[in-house]
Amino acid sequence: MTAAERREQLIEIARTVFSEKGFDGASVEEIASRAEVSKPVVYEHFGGKEGLYAVVVDREVRQLLDMMRQALTADSPRVLIEQAAFALLTYIEQSSEGFRILVRDTPLGSASGSYVSIISDIATRVEGILVDQFKRRGFDPKAAPMYAQMLVGMVGTTGQWWLDARKPAKEVVAANLVNLAWNGLSGLEAKPELRLKN
């Protein structure tokens, strides 16, 4: 194996181990053993468990942010919410190990961490959308930041639940999330469906 190939192998193995055991439960010994190399090889490439973990987390953060940026393209506020919910669920579906890493070491309610910073970035974007909508509808736009946190938190928490549940289907979860977010409990649609086109 070339050095670059070995590095990629170690990152993939570490991603699995961190997903299964979290940062504290993972060890350089186990990662090296699964890769069938000695511990010094891991240290040579990453300097230790912390360096390897940082690379794994950085890749997951970039992947999720890229998916979100690519997904949020609509002009319609409702469809933007649909796109955000659907993109997060798609990331969870395609990168369960990565999502597990991001949320495992960033407990719900924590003020810092990779997942929290991603959710915060998304909330900032949603806030701008809500300010415009609040102004158009005669609501106080100063409430937009609070509502943005509520919406994004609802999607993020549902994503954490769906990571293990996987039922109902992603489209159904996204449609119901948007139904609640868009219509509220008093205006829930009987059979919500996504309006975005895949």
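Residues numbered from 1 in each chain as written. Predicted model: local features only at pLDDT ≥ 70, side-chain atom pairs only at ≥ 80, totals over all residues. Heavy atoms only, no water.

1. Regarding the nonpolar core
Link 1 in the chain: If you look at the biggest cluster of nonpolar residues, it comprises 62 residues, and the most contacted ones within it are Phe 18, Ile 31, Val 42 and Leu 52.
Link 2 in the chain: Ignoring sequence-local partners within four residues, the contact set of Phe 18 consists of Phe 23, Ala 26, Ile 31, Lys 49, Leu 52, Tyr 53, Val 56, Ile 101 and Arg 104. (Core = buried A, V, L, I, M, F, W, Y, C linked by side-chain atoms within 4.5 Å. Buried < 20%, exposed > 50% of the residue type's maximum accessible area, 1.4 Å probe, protein only. Contact = heavy atoms within 4.5 Å.)

2. Some points on the packing of aromatic side chains
Link 1 in the chain: One pass over the full model with this rule turns up 4 aromatic pairs.
Link 2 in the chain: With a centroid separation of 6.2 Å and 20 degrees between ring planes, the pair formed by Phe 18 and Phe 23 is classed as stacked. Just as Phe 18 is buried, Phe 23 falls in that class too.
Link 3 in the chain: Taking the ring centre of Phe 23 as reference, the NZ or CZ of Lys 49 above it sits at 4.3 Å. (Phe/Tyr/Trp six-rings, centres within 6.5 Å; stacked < 30°, edge-to-face > 60°. Lys NZ or Arg CZ within 6 Å of the ring centre and 35° of its normal.)

3. Considering the packing of helix α1 (residues 3–25) against helix α4 (residues 49–71)
Link 1 in the chain: Where α1 meets α4, the closest approach of the two axes is 9 Å, and the angle between their N-to-C directions is 95 degrees. Taken together, the axes of α1 and α4 lie roughly perpendicular to each other. Together, Arg 7, Glu 8, Leu 10, Ile 11, Ala 14, Arg 15, Phe 18, Phe 23 and Asp 24 of α1 and Lys 49, Glu 50, Leu 52, Tyr 53, Val 55, Val 56, Arg 59 and Glu 60 of α4 make up the contact between the two elements.
Link 2 in the chain: Its residues assigned to classes, the contact of α1 with α4 comprises 9 nonpolar, no polar and 8 charged. (Axes fitted to C-alpha atoms, helices over the stretch in contact; angles between N-to-C directions. Helix = DSSP H or I, 4+ residues; strand = E, 2+ residues; numbered from the N terminus. Parallel < 35°, antiparallel > 145°, perpendicular 65-115°, else oblique. Nonpolar A, V, L, I, M, F, W, Y, C, P; charged D, E, K, R; others polar.)

4. Quick look at the UniProt feature "domain: HTH tetR-type" (unreviewed entry) in the chain
Link 1 in the chain: According to UniProt, the positions carrying the feature "domain: HTH tetR-type" (unreviewed entry) are residues 4–64.
Link 2 in the chain: With 89% helix and 0% strand, residues 4–64 has its two end C-alpha atoms placed 24 Å apart. (UniProt positions renumbered as here; feature names shortened; annotations may be inferred.)

5. Some remarks on the pattern of salt bridges
Link 1 in the chain: Considering all chains together, one arrives at 12 salt bridges under this definition.
Link 2 in the chain: The partner of Lys 39 in a salt bridge is Glu 29, with the nearest N and O atoms 3.1 Å apart. Of this pair, Lys 39 sits in helix α3 (residues 39–46) while Glu 29 sits in helix α2 (residues 28–35), and the two are 10 residues apart along the sequence.
Link 3 in the chain: For Glu 29, a relative accessible area of 42% translates into the label partly exposed. (Salt bridge = Lys/Arg side-chain N within 4 Å of Asp/Glu carboxyl O.)

6. So, the packing of α2 against α3
Link 1 in the chain: At their nearest, the axes of α2 and α3 sit 8 Å apart, and the two run at 105 degrees to each other. By the angle class used here, α2 and α3 are roughly perpendicular. Note on element contacts: α3 touches α2 through Lys 39, Val 42 and Tyr 43, opposite Val 28, Glu 29, Ile 31 and Ala 32.
Link 2 in the chain: Per-class residue counts for the contact of α2 with α3 are 5 nonpolar, no polar and 2 charged.

7. Focus: the environment of Ser 120
Link 1 in the chain: You can see Ser 120 is positioned in helix α7 (residues 114–137).
Link 2 in the chain: Through-space distance from the C-alpha of Ser 120 to that of Asp 164 is 23 Å; in sequence the pair is 44 residues apart.

8. Quick notes on unusual backbone geometry
Link 1 in the chain: In this chain, Lys 167 is followed by Pro 168 through a cis amide linkage whose omega measures 0 degrees.
Link 2 in the chain: Inspection of the secondary structure puts Pro 168 in the loop between α8 (144–165) and α9 (170–183).
Link 3 in the chain: The phi dihedral of Glu 36 is positive, around 60 degrees, even though this residue is not glycine.
Link 4 in the chain: Tracing the backbone through its elements, the reader meets Glu 36 in the loop between α2 and α3.
Link 5 in the chain: Here Glu 36 falls in the exposed class, since its relative accessible area comes to 73%.
Link 6 in the chain: Even without being a glycine, Arg 166 presents a positive backbone phi close to 55 degrees.
Link 7 in the chain: Turning to its location among the elements, Arg 166 is positioned in the loop between α8 and α9.

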